[in-house]
Structure formats: structure tokens, C-alpha cells
Amino acid sequence: SYNAELTYFSERSASILSVIADAPEEKGRKRDKGAALTQNFLVGEHSKLGMNFYYGGPTDASRLVYGPSWVLSFGEKLFLNSELFWQSKKVKDTGAVQNGYATFNRFHYQISKGLTPFIQFDRSFLDSSNSAAQVDSYGSGLQWLPYSHFEFTGFYGKEQSFRRDPTDFAWLMIHLYL
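Computed from a prediction, not measured in an experiment: that's the story for all the values here.

Novice: Can you explain the pattern of salt bridges? Please cite residues and give values.
Specialist: Between side chains of opposite charge, a pair can form when the charged atoms approach closely. By the definition in use, this model includes two salt bridges. Of the charged contacts in the structure, one is a salt bridge between R123 and D136, with a shortest N-O distance of 2.6 Å. One end of the pair, R123, is in strand β8 (residues 115-125); the other, D136, is in strand β9 (residues 135-144), with 13 residues separating them in the sequence. When its relative accessible area of 15% is taken as the criterion, D136 is described as buried.

The following block contains the structure:
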């Protein structure tokens, strides 16, 4: 897909508008297309509150996703990064509607400059009419920012669906900011 983004930053806020479009060379794939808007405000010296909106979807459905996000600082080294999203999805052919929510919660503790272990808990329950649709994920990870523009983050966790044994998973992200 092709994305275009317009961003405005000030000392105390950030606004981001993103437009997501199909890529002509990927005909036949079900990819979301739509628009997203994010607004964040700095609260105090180290905390942030925000709101996120998304409308779009693949060709056979439309989704409205919205909710708050926050980073709360508890002193200089301990902070909580969380998001809560509500989703309403409508299938175009049948008119069926699915409503649900998803959460993301990560507690960080910076042990030294650039080295931050964290614990994380996520819940996805995107179809509230189906109790088997709930998926929980939990685990721990480490973020390392060795120099400006470099980020390494690793995570090991477990994912558990309704009435199923947990599944192990891990990921590693290497990010270079230009």
C-alpha cells in the first residue's frame, strides 16, 4: 500500500494525518485503505495524552477505530505507555456489524540512558458477541537506543486465545531513523 503523511509538531503537541491507499501493483490483495488522525499533547514535563481515529478498511468491509492513548511518567525512570481502542466493523455484503476493543499496556523502567526493560500486556476482543474472540498477550522485552537514530527492541511473550493453551512468540525490531 502507499501511505502519505502530514505531520505538525510544536513544543507541546503533535498532529499526524495519514492517508492509506492501494498499490496498483498489488491487485487482488485485501489491504486497508482509509485515513488516520492522531493528536497528542504534552502534560507536565514527561507525560502525554492523545486521541487516535481511523476510518477505512479493505474492499469488503469498513472499520471505525478510535480511542485514547497516554504516556504517564512516575518520576524520571518509570513510565506507562497505554492505548485503548474501540472498533466498529461493518461487512459490506451482509451488513453484519462487529464491535469490540483492543488494549496495549507497556510498563518501562529506564535502568540507564538508552537501556529500558519493559513488561507488556495486550488484549484484543474485536467481536464482543463471540467470547472466543478474546486474545491476551503478555511478556517482557528490552529497548536499547545506543545512539541517535538507532533503536533495537526485542520481546518474548505468550499469546492466549479463549480456552486454548498459550503460544510462545518473540520479535526483534531494528529501526534506523533518518
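Novice: Would you mind going over a nonpolar patch on the surface in detail, with residue names and values included?
Specialist: On the surface, a cluster of nonpolar side chains totalling about 910 Å² of accessible area is made up of L6, L17, V19, L37, M51, F53, Y55, L64, Y66 and W86. By residue number, the principal contributor to the nonpolar patch is strand β4 (residues 47-57), which donates three residues. Of note, Y66 is situated in strand β5 (residues 61-74). When its relative accessible area of 32% is taken as the criterion, Y66 is described as partly exposed.

Novice: Run through the pairing of strand β10 (residues 150-161), naming residues and quoting values.
Specialist: Bridging between β9 and β10 involves 10 bridges; their strand directions are antiparallel. Within the sheet, the bridge partner assigned to S137 lies in β10 and is E159. Joining the antiparallel neighbours β9 and β10 is a turn of five residues, in which H149 adopts a positive phi near 75°. Looking at chain direction, β10 and strand β11 (residues 167-176) are connected through 10 bridges and run antiparallel.

Novice: Before we move on, can you summarise the packing of aromatic side chains with the specific residues and values?
Specialist: For the structure on display, the rule yields seven aromatic pairs. Ring geometry for Y101 versus F125: centroids 6.0 Å apart, planes at 85°, classification edge-to-face. In this pair, Y101 is assigned in strand β7 (residues 97-109) and F125 in strand β8, connecting sequence segments 24 residues apart. For F125, a relative accessible area of 14% corresponds to the buried category. Ring geometry for F118 against F155: centres 6.1 Å apart, planes inclined by 5°, an arrangement best described as stacked. Taken together, the residues span a long stretch of sequence, with F118 in strand β8 and F155 in strand β10 at a distance of 37 residues.

Novice: I'd like a description of the sheet that holds β11, backed by residues and values.
Specialist: Taking strand neighbours across the sheet as the criterion, the 11 strands line up as β1-β2-β3-β4-β5-β6-β7-β8-β9-β10-β11 in an open arrangement whose pairing is antiparallel. Each having just a single partner strand, β1 (2-9) and β11 make up the two edges of the open sheet. Ignoring which end each strand starts from, the neighbouring axes of this sheet average 15° apart. With eight bridges connecting them, β7 and β8 associate as antiparallel partners. By the bridge assignment, R106 is partnered in β8 with Q120.

Novice: How would you explain the side chain of D122 if you had to name every residue and give the values?
Specialist: Looking at where D122 falls in the secondary structure, it is placed in strand β8. We note that D122 is buried and unpaired, the nearest opposite charge coming from R106 at a distance of 7.0 Å. In this structure the side chain of D122 is engaged in a polar contact, spanning 2.9 Å, whose partner is the side chain of Q120. If near-sequence neighbours (up to four positions away) are discounted, D122 is found in contact with T103, F104, N105, V135, D136 and S137.

Novice: Quick one: what's the story with the environment of Y66, residue by residue and with numbers?
Specialist: Linking Y66 and F53, residues 13 residues apart in sequence, is a C-alpha distance of 4.4 Å. Beyond its immediate chain neighbours, meaning those up to four positions away, Y66 contacts N52, F53, L84, F85 and W86.

Novice: I'd love a proper account of the pairing of strand β3 (residues 33-43), names of residues and values included.
Specialist: Of the pairings in the sheet, the one linking strand β2 (residues 13-21) to β3 comprises eight bridges and is antiparallel in character. Note that in β3 the partner of S15 across the bridge is Q39. Pairing of β3 with β4 involves 11 bridges; the strand directions are antiparallel. Looking at β4, one finds that V43 is bridged to S47. Here β3 folds back onto β4, and the loop between the two strands holds three residues, one of which, G44, carries a positive phi near 70°.

Reading the values: rules and limits
Residues numbered from 1 in each chain as written. Predicted model: local features only at pLDDT ≥ 70, side-chain atom pairs only at ≥ 80, totals over all residues. Heavy atoms only, no water. Salt bridge = Lys/Arg side-chain N within 4 Å of Asp/Glu carboxyl O. Helix = DSSP H or I, 4+ residues; strand = E, 2+ residues; numbered from the N terminus. Buried < 20%, exposed > 50% of the residue type's maximum accessible area, 1.4 Å probe, protein only. Patch = residues over 30% accessible without salt bridge, like charges linked within 9 Å, V, L, I, M, F, W, Y side chains within 5 Å. Areas by Shrake-Rupley, 256 points an atom, 1.4 Å probe, with all protein chains shown as cover. Pairing = 2+ DSSP bridges. Phe/Tyr/Trp six-rings, centres within 6.5 Å; stacked < 30°, edge-to-face > 60°. Axes fitted to C-alpha atoms, helices over the stretch in contact; angles between N-to-C directions. Lys, Arg positive; Asp, Glu negative; His and termini not counted. Polar contact = N/O pair within 3.5 Å; in protein donor to acceptor, adjacent residues only side chain to side chain. Contact = heavy atoms within 4.5 Å.

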